Amino acid sequence: MKNILVILSFLVFANVANAQSSTVSTSIKVFSNCTMCKARIEKVLDHKGIKKAEWSPKTKQLEVVYNSSKVTEQQIHELIASVGHDTEKAKAKDEVYAALPFCCLYRDHDHK
Ligand SMILES: [Cu+2]
C-alpha cells in the first residue's frame, strides 16, 4: 500500500513538472497605438494554448503566457499580424492594415 502511494505521488509530481515546463512567459513588441488596438490584439489572442495576453499602449509590449505544447511563439506573432498589427517576426498584409481605423494606423502616421 505504501509503495502505491509513493508511485502515485511521484506521478502527480511528474505531471506538475511537465505542465510547468511547457508554460512560457514572454514579452513581444507589437506595433499599434490605442485602446482599440489593445482590444483587437487581446481578442485574437483569446486562443487555444494562450493563457494570458496583455498589451500595453504605453510600452507597446505584449505580455503573453502560453503553453508551448499547444501553440508556438511564431503562431502568436502570426495571429497578431492577421488582425493588422506588425511584430518583429510577422508583418500584417497591406490590405488588412489599410482596413484599420485611422487612429490605429501606426506605419505612416504619428498620432502623438
Ligand atoms: Cu488603435
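Use the structure listed above.
Let us look at the structure shown here.

1. Quick notes on the overall build of the chain
Here is step 1: Per the secondary structure count, the chain includes four helices and three strands.
Here is step 2: Going from N to C terminus, the chain has its helices and strands arranged as α-β-α-β-β-α-α.
Here is step 3: When each of the 112 residues of the chain is scored for burial, the buried share is 23%.

2. Let's talk about helix α2 (residues 35-44)
Here is step 1: Inspection of α2 places Cys37, Arg40 and Ile41 among the buried residues, and these make up the whole buried set. Down the axis, α2 shows its buried residues gathered within 95 degrees of arc, on one side only. In this structure, α2 carries Thr35, Ala39 and Lys43 as exposed residues pointing more than 90 degrees from its buried face.
Here is step 2: Among the structural elements, β2 (50-55), β3 (61-67) and α3 (73-82) are those in contact with the buried residues of α2.

3. Regarding the environment of serine 22
Here is step 1: For serine 22, the position within the fold is in the loop between α1 (2-21) and β1 (23-29).
Here is step 2: Classification of serine 22 by C-beta neighbours within 10 Å gives exposed; the count is 12.
Here is step 3: Distance from serine 22 to serine 68, taken between C-alpha atoms, is 5.1 Å for residues 46 residues apart in sequence.
Here is step 4: In contact with serine 22, not counting residues within four places along its chain, are Asn67, Ser68 and Ser69.

Basis of the calculations
- Residues numbered from 1 in each chain as written.
- Predicted model: local features only at pLDDT ≥ 70, side-chain atom pairs only at ≥ 80, totals over all residues.
- Helix = DSSP H or I, 4+ residues; strand = E, 2+ residues; numbered from the N terminus.
- Buried ≥ 20, exposed ≤ 12 C-beta atoms within 10 Å, placed from the backbone.
- Arc of directions from axis to C-beta.
- Contact = placed C-beta atoms within 7 Å.

On their own, these measurements won't tell you what the molecule is for.
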